[in-house]
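Results of the structural survey
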Amino acid sequence: MKRLEAIAAIHGRLQDCIVVTIMGAVAAELQSLGHRPNFFYLQHAMGLASSVGLGIALSKPAARVVVLDGDGSVLMNLGGLTTLARYRPRNLTHVVFDNESLLSVGGFPTATATGSDIAGMAAAAGIPRTATVRTLDDFTAAFDAALAADDLTTLVAKVEAVGPAGFVTDLGLLENRFQFARHLRGLPETP
Amino acid sequence: MPVSVDASRIIYDALKACGVSVVSALPETWLVHLIRMAEDDPDMTLVRLAKEEEGVGISTGAHLAGARSVMLMQNHGFLQSINGIVSCAQLYRIPLVMLISHRGWFGERDPWQTEGGLVTIPVLDALRIPYETLDARDHVAHRIAKAMTLAHSTNRPVALLLGRDLMWEDG
């Protein structure tokens, strides 16, 4: 499965969600499929996308928050899995695209290439719903199940280590940040 | 424990008066009462962190969603958080308000705190983060309110250093 195909498969569902992505290929690929004001791309601060998602999910319990994370980023903030589990925001779905590689900086292997299991670590941290999927159909079904379950889920999607030719897009970082905040603040406070 | 409950209450009440509704924290001795106050307050969302840098993300998410927040941490936690402060809060112009216990400074008895104490202010200066010290009860509320105002007018991080003379009752 290619990450771009996986994002494309859920792009329609993301229209009704608050989406936070990591930097690099994930951000560039989601933008290539169509930017929306409810998408925020954390273009640095590796590891913190899930923490930003948690801050949003706790502050906006009526919003459905989706974090599009990566193996390299999760490995930089493993403690964050325990914090997610501790607060168990039921409105947060944590997708981890695991290409077993730091693709955007030369493709060096991460520890998932030698067996470290992010879904296993998430489960051990206490995240109630976890899964690892390897095909597009399984990914789409698991993502829909996560949204329907209304509980904190870490969904690891094993994807090929391929990405876009470049990572810089024409969307300014601050343009994205202020547009996203304005959208988020306009949402209702309670379900 | 000679950490001042009264001073902690003054700080906590000042945060509440500024509309703070989210506190992320990693415990340290001087912060125990503040964290318990947040824990006991049904209107406060307390996020207990595994490592301080996560708090930068929590505060960023809270701010984008329209909530006021602060981070409570020791200065070693501030040092631990620097990448998040630079590449999240500064890059994305987030009004991150940090209350940092200034350990390892004048009066410190614990040798292990001293290196962090020496570099805290130089690092704040290097990061161009404005700061004031809270070291007497009568200016706490005023300085917290001003810090919150500056953070939100600049959309940048602002720090308040919690000093020994305020937090510790036996000097």
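Above: the structure in question.
Summary of the structure given here. Just so it is clear, the structure is predicted and the values come from calculations on it, not from any experiment.

Focus: the overall build of chain B
Scanning chain B from terminus to terminus reveals eight helices and six strands. Starting at the N terminus, the α and β elements of chain B follow one another as α-β-α-β-α-β-α-α-β-α-β-α-β-α. Relative to the globule expectation of 16 Å for 171 residues, the C-alpha radius of gyration of chain B, 14 Å, shows essentially globular dimensions. Along the three orthogonal principal directions, the C-alpha set of chain B runs to about 40 × 35 × 30 Å. Among the 171 residues that make up chain B, the fraction classed as buried is 46%.

A look at the nonpolar core
By size, the foremost hydrophobic cluster in this structure holds 106 residues, and its most contacted members are Leu42, Ile56 and Ala157 of chain A. A per-element tally of this core places helix α3 (residues 49-59) of chain A first, with six residues.

So, the environment of Pro95 of chain B
Mapped onto the elements of the fold, Pro95 of chain B is located in the loop between α5 (82-90) and β4 (97-101). Excluding residues within four positions of it along the chain, Pro95 of chain B makes contact with His63, Ala151, His152, Asn155 and Arg156 of chain B.

Comments concerning the packing of α3 of chain A against helix α3 (residues 53-64) of chain B
Their axes nearest at 6 Å, the elements α3 of chain A and α3 of chain B cross at an angle of 45°. The pairing of α3 of chain A with α3 of chain B is recorded here as oblique in orientation. Taken as a pair, α3 of chain A and α3 of chain B cross one another with a handedness that is right-handed. In this structure, α3 of chain A contributes Ser51, Val52, Gly53, Leu54, Gly55, Ile56 and Ser59 of chain A to the contact, and α3 of chain B contributes Glu54, Gly57, Ile58, Ser59, Thr60, Gly61, Ala62 and Leu64 of chain B.

Details of the interface of chain A and chain B
In many analyses, interface size is given as the accessible surface area lost on bringing the parts together. Facing the 28 residues of chain A at the interface are 27 residues of chain B. Of all elements in the fold, only α3, α5 (78-87) and α8 (173-185) of chain A reach the threshold of two or more residues within the side of chain A that touches chain B. In terms of residue count, the dominant contributor to the side of chain A that touches chain B is α3 of chain A (eight residues). Of the residues belonging to the side of chain A that touches chain B, the class tally is 14 nonpolar, ten polar and four charged.

Remarks on the sheet that holds strand β2 (residues 45-48) of chain B
Residue and element names in this part refer to chain B. Read from one edge of the open sheet, six strands run β2-β1-β3-β4-β6-β5, paired in parallel fashion. The two strands at the open ends of the sheet, each matched to only one other strand, are β2 and β5 (131-134). Ignoring which end each strand starts from, the neighbouring axes of this sheet average 20° apart. Pairing analysis gives five bridges linking β4 to strand β6 (residues 158-162), with the strands arranged parallel. Counterpart to Ile100 in the pairing with β6 is Leu161. This element, helix α7 (residues 137-154), spans β4, β5 and β6 of the sheet and lies at about 160° to β6.

Topic: α7 of chain B
Residues and elements named next belong to chain B. In this model, α7 (18 residues) spans 26 Å end to end at C-alpha, consistent with the 26 Å of a helix rising 1.5 Å per residue. Where α7 is buried, its residues meet α1 (5-17), β4, β5 and β6. A positive phi of about 55° marks Asn155, the residue just after α7.

Considering the sheet that holds strand β7 (residues 129-133) of chain A
Residue and element names in this part refer to chain A. The sheet built from six strands is open, its strands ordered β2-β1-β3-β4-β8-β7 with parallel pairing. Unpaired on one side and paired on the other, β2 (39-41) and β7 mark the two borders of the sheet. The average undirected angle you get between the axes of adjacent strands in this sheet is 15°. Note: strand β3 (residues 65-70) against strand β4 (residues 92-98), six bridges, orientation parallel. Counterpart to Gly70 in the pairing with β4 is Phe97.

What counts and what doesn't
- Here the residue numbers are simple positions, counted from 1 along each chain's written sequence.
- Labels are handed out in written order, letters beginning with A for the chains and numbers beginning with 1 for the ligands.
- Totals for whole chains, interfaces and linings use every residue, but because this is a predicted model, local features are given only for residues with pLDDT of at least 70 and side-chain atom pairs only at 80 or more, for both listing and counting.
- Helix numbering and strand numbering both begin at the N terminus, where a helix is a DSSP run of H or I of at least 4 residues and a strand a DSSP run of E of at least 2.
- Our radius of gyration is a C-alpha quantity, and the globule rule it is checked against amounts to 2.2 Å times the number of residues to the power 0.38.
- The exposure label follows from counting other C-beta atoms within 10 Å of a residue's C-beta, where the C-beta atoms are placed from the backbone and the thresholds are 20 or more for buried and 12 or fewer for exposed, leaving partly exposed in between.
- For this analysis, nonpolar core means a set of buried Ala, Val, Leu, Ile, Met, Phe, Trp, Tyr and Cys residues linked through C-beta atoms within 7 Å.
- This entry defines residue contacts through backbone-placed C-beta atoms, with two residues in contact when those atoms are within 7 Å.
- Helix axes are fitted to C-alpha atoms over the stretch in contact, other axes to C-alpha atoms as well, and angles between N-to-C directions run from 0 to 180 degrees.
- An angle counts as roughly parallel when it lies under 35 degrees, as roughly antiparallel when it exceeds 145, as roughly perpendicular when it falls between 65 and 115, and as oblique in every other case.
- A clockwise turn of the near helix away from the far one marks a right-handed crossing, whereas an anticlockwise turn of less than a right angle marks a left-handed crossing.
- Ten residue types, Ala, Val, Leu, Ile, Met, Phe, Trp, Tyr, Cys and Pro, are classed as nonpolar, four, Asp, Glu, Lys and Arg, as charged, and the remainder, Gly among them, as polar.
- For two strands to pair, DSSP has to find at least two bridges joining them.
- Given the number of residues in a helix, its expected span is that number minus one, multiplied by 1.5 Å.

Read these as geometric descriptors, not functional statements.
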